[in-house]
Every structure is written in C-alpha cells, then in structure tokens.
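Structural overview
The residues making up each chain are set out below.
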Amino acid sequence: RFQVTDADGTHYFLGTTGEGRLQNGLHTAAWFVQYIANTANRSITYRYKRDQGQVYLSEIYWGPNAVYGAQLTYEGRFDPVVSYQTGFRVTTAWRAKSVRVESFGENLRTYHIAYDESLPLSRLASVRMTGKAHTVELNLEPSEGHSLFAEQIYGRAAQVVPDYVEALLSKS
C-alpha cells in the first residue's frame, strides 16, 4: 500500500486493497491507483476485478458523491497471453468490450469496442459510441452503417483512438 502526494497536493492511494494489486501470495508486482483526492476535495475512485492473476479496471467514479461513473465490460480473448514477467503466472484472458459512461445514474453513452482477429494476436479495429450525446464511428474505413453516425473518424486505431480520447478528455 502506497500513498503518493504530488507537488500540487493531490494524493494518490495505490494498492490499498488486494483488488488494487497484481500479486500472488506475498509477492506483489504492481500497485494500481484506487483513489485520488486533490486539495479542492475532488476525488476519483477506481475499482478492479481479477482473473487468472491479471487485474482489470472495472469501474471509475468521480464528482460530488460519485455521481459520474464509467463501467468497463470485458469479453474473452481468442488469443490469451500468458506471462511470467512478474515472477508468477499472469494470464490476460480478457479484453475490453465496452465502456459505459453515466451521470447521476443515467447512461450518457457507451463505447463499443471491436477487434481485428485476422492475425494471431487481436488488434483494436474500431470504437463505436452510442447514447444521448452523439454517435461516433472510429474505424479503419467506413462501416456499412457509417451514415448512422453523427461523426466519423477513419484511420489506424493506434492513431485515431488516442487522438479522439485526448480530445474528449480536454473537453471535460
């Protein structure tokens, strides 16, 4: 368990419970942030779930009384990755399927994640947003239903997805 305070006075709490640590018995390989609090008394809570030694982010809550949230859902991978880099077996058997964003208990939007499985290792193929805000297709090329989206962004996922997420975060 660690607490880190940055120069601005923001406190980061890492590995405060077992769900926030990548561990096997007494051996801990990573501590994940579980709570952040700044000097304005704003906070963010992160929750995780575990499977086959791996830790997956499952929920994030922030705002006054945690009225804003994001829930991540996962699906099984066709290409699970096994690693012993931590000193113990960790199998990454899941990959993100969707991210649901809510405010005051109401679903605002959901990001649906699709993968390219044409190679031996799955790669991100597209992210599709649905919900009240507005719809976006992030894809390598237009899908059959591309005209249903209010916004379309095409290109390699490694480029367009980080740019899009950065733009979203800068609007918050």
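Residues numbered from 1 in each chain as written. Predicted model: local features only at pLDDT ≥ 70, side-chain atom pairs only at ≥ 80, totals over all residues. Heavy atoms only, no water.

1. Quick notes on the sheet that holds strand β10 (residues 106-116)
Read across the open sheet, the eleven strands follow the order β1-β2-β5-β6-β7-β8-β9-β10-β11-β12-β13; overall the sheet is mixed. If you trace the sheet from one side to the other, it starts and ends with β1 (2-5) and β13 (151-154), each paired once. Shown here is a sheet whose adjacent strand axes are inclined to one another by a mean of 15°, direction ignored. Both strand β9 (residues 90-103) and β10 contribute to a ladder of six bridges, which runs antiparallel. Bridging from a neighbouring strand, S98 pairs with H112 of β10. (Pairing = 2+ DSSP bridges. Helix = DSSP H or I, 4+ residues; strand = E, 2+ residues; numbered from the N terminus. Axes fitted to C-alpha atoms, helices over the stretch in contact; angles between N-to-C directions.)

2. Topic: the pairing of strand β4 (residues 27-31)
Regular strands show a simple pattern: their side chains alternate between the two faces of the sheet. Where strand β3 (residues 21-24) and β4 come together, four bridges link them in antiparallel fashion. By the bridge assignment, N24 is partnered in β4 with H27.

3. Examining the nonpolar core
Counting 17 residues, the largest nonpolar core has V99, Y111, L138, V161 and Y164 as the members making the most contacts within it. Per element, the largest residue contribution to this core is four residues, and it comes from helix α1 (residues 157-171). When neighbours within four sequence positions are excluded, V99 is seen to be in contact with A70, Q71, L72, R109, T110, Y111 and I113. (Core = buried A, V, L, I, M, F, W, Y, C linked by side-chain atoms within 4.5 Å. Buried < 20%, exposed > 50% of the residue type's maximum accessible area, 1.4 Å probe, protein only. Contact = heavy atoms within 4.5 Å.)

4. Here we look at the pattern of salt bridges
As enumerated under the stated definition, the model contains six salt bridges in all. With a shortest N-O distance of 3.0 Å, D79 and R77 are connected by a salt bridge. For the pair D79 and R77, a shared accessibility class is recorded, and that class is buried. One salt bridge connects R95 with E117, and the closest N-O pair in it is separated by 2.3 Å. One end of the pair, R95, is in strand β9; the other, E117, is in the loop between β10 and β11 (123-131), and 22 residues separate them in sequence. Given the relative accessible area of 8%, R95 is considered buried. A single network of salt bridges, built from pairs that share partners, joins E75, R95 and E117. (Salt bridge = Lys/Arg side-chain N within 4 Å of Asp/Glu carboxyl O.)

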